Amino acid sequence: FPGEARRAAAAGRSRSRPRGAGGGTVLLPSMLMFGVILASSGLLLMIEKGILAEVKPPPLQPAGGERSRRGGGGGQEAAGELEAEVLRDIRNRTIRAVCGQPAMPRSVWELPAGQRRTVLRHLLVSDKYRFLYCYVPKVACSNWKRILKVLDGALESVDVKLKMDHKSDLVFLGDMRPDEISYRLKNYYKFIFVRNPMERLLSAYRNKFGEIKEYQQKYGVEIVRRYRKNGGNSAGDDVTFSEFLQYLLDEEAERMNEHWMPIYNLCQPCAVRYDFIGSYERLNADANHVLERVRSPSFVRFPERQPWYKPVTAETLHYYLCNTQRRLIKELLPKYILDFSLFAYPLPNITSEFCRQ
């Protein structure tokens, strides 16, 4: 909704702080970036309405020449592949436009120390297969960590029924010397997986405050106490989505928990030039592309979704957004606007007409 985007931009500019001599990246985009957002949303809308359906796709070369070993490649997938190619082109052009602006960082060494620690702490290393993966919580990162452990020999199979240990048997780029870091950033294949920002927030909210006691006690109790009258007796398991969004609105992005920190802050796509940006919406296809590109063994495949997992559906997201104060959502957008713009996700539709459906 262009009108809401302009108001969000104005609100963001009034809330943002300018870049000082001491460093620090500009957290909010310029109006040029908002133009890119709107153009990207328009192209996505064209895809959704089938306007590009008659465009003949270019011949696609499977990564590593091994598409057939993981299945797929039939003619019926041509339309989906075309959409993916268009979306990747939109993302690449948007990233070049945004990251080409003078205020944006060109390498991890230009980042302030805190931001550099964050991104290096989220870049996982496979020296054997020469790749770096920036993990983003709530974007299938547990399965990717499982794959890294299999590739390194720490796990026998991706199907081993063990609780995921998110630290052991993993190599983090931040644990290496500066020269080792620079070499891998320059020479290794780098990839990241992204997700619709609002869908990712809703997934984190439902998971952390609906299922995990540690998060209920550490964050939920404080959120309820802060935003609800007489909320001092809460166990933290009854946080509302509106209270969660208000909490995010009042938090500094760089100090957020990684499960709801913006993807831009986690992985710094301007400072790290990723070779491939996969999406949660095409998880299996994009994951297979990466596995073929890094020439992993053919028996290594991306794990199937667990039967107990309840994904966020379009209907679920629609329900939560339309039952939340529009003010909260509009004021929160500037904090995640780089995730929307860089990765070509349309801004959420919270118009009265849409919510009446």
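The rules behind these values
- Residues numbered from 1 in each chain as written.
- Predicted model: local features only at pLDDT ≥ 70, side-chain atom pairs only at ≥ 80, totals over all residues.
- Heavy atoms only, no water.
- Disulfide = S-S within 2.5 Å.
- Helix = DSSP H or I, 4+ residues; strand = E, 2+ residues; numbered from the N terminus.
- Buried < 20%, exposed > 50% of the residue type's maximum accessible area, 1.4 Å probe, protein only.
- Expected span 1.5 Å × (residues − 1).
- Bend = angle between axes of the 7 residues up to and from the residue.
- Phe/Tyr/Trp six-rings, centres within 6.5 Å; stacked < 30°, edge-to-face > 60°.
- Pairing = 2+ DSSP bridges.

### Points about the state of the cysteines
For step 1, the next point in the chain: Following the criterion strictly, the structure yields three disulfides and no others.
For step 2, the next point in the chain: With a sulfur-sulfur separation of 2.0 Å, Cys99 is cross-linked through a disulfide to Cys270. As the torsion about the S-S bond is roughly -75°, the Cys99-Cys270 disulfide counts as left-handed. Taken together, the residues Cys99 in helix α3 (residues 78-99) and Cys270 in the loop between α10 (263-267) and β4 (276-279) connect sequence positions 171 residues apart. Side by side, Cys99 and Cys270 carry an identical accessibility label, which is buried.

### A look at helix α8 (residues 213-227)
For step 1, the next point in the chain: The terminal C-alpha atoms of α8, which comprises 15 residues, lie 20 Å apart, in line with the 21 Å expected from a rise of 1.5 Å per residue.
For step 2, the next point in the chain: Taking the largest bend as the criterion, α8 deviates by roughly 40°, centred on Tyr219.
For step 3, the next point in the chain: Listed in full, the buried residues belonging to α8 are Tyr215, Gln216, Tyr219, Gly220, Ile223 and Val224.

### Thoughts on the packing of aromatic side chains
For step 1, the next point in the chain: Counted under the stated rule, the structure contains 23 aromatic pairs.
For step 2, the next point in the chain: Where Tyr133 meets Phe191, the ring centres are 5.1 Å apart and the plane angle is 25°; that geometry is what we call stacked. Of the two residues, Tyr133 sits in strand β2 (residues 131-134) while Phe191 sits in strand β3 (residues 189-194), which places them 58 residues apart along the sequence. The pair Tyr133 / Phe191 is uniform in exposure class, with both members buried.
For step 3, the next point in the chain: Taking 6.3 Å as the distance between ring centres and 40° as the angle between the ring planes, the aromatic pair formed by Tyr189 and Phe191 counts as tilted.

### Brief notes about the pairing of strand β1 (residues 123-126)
Side-chain direction in a regular strand flips from residue to residue, so the side chains alternate between the two faces of the sheet.
For step 1, the next point in the chain: Of the two faces of β1, the one lined by Leu123 and Val125 and the one lined by Leu124 and Ser126 are each fully buried.
For step 2, the next point in the chain: Between the end of β1 and the start of β2, which pair antiparallel, lie four residues, with Arg130 showing a positive phi angle near 55°.

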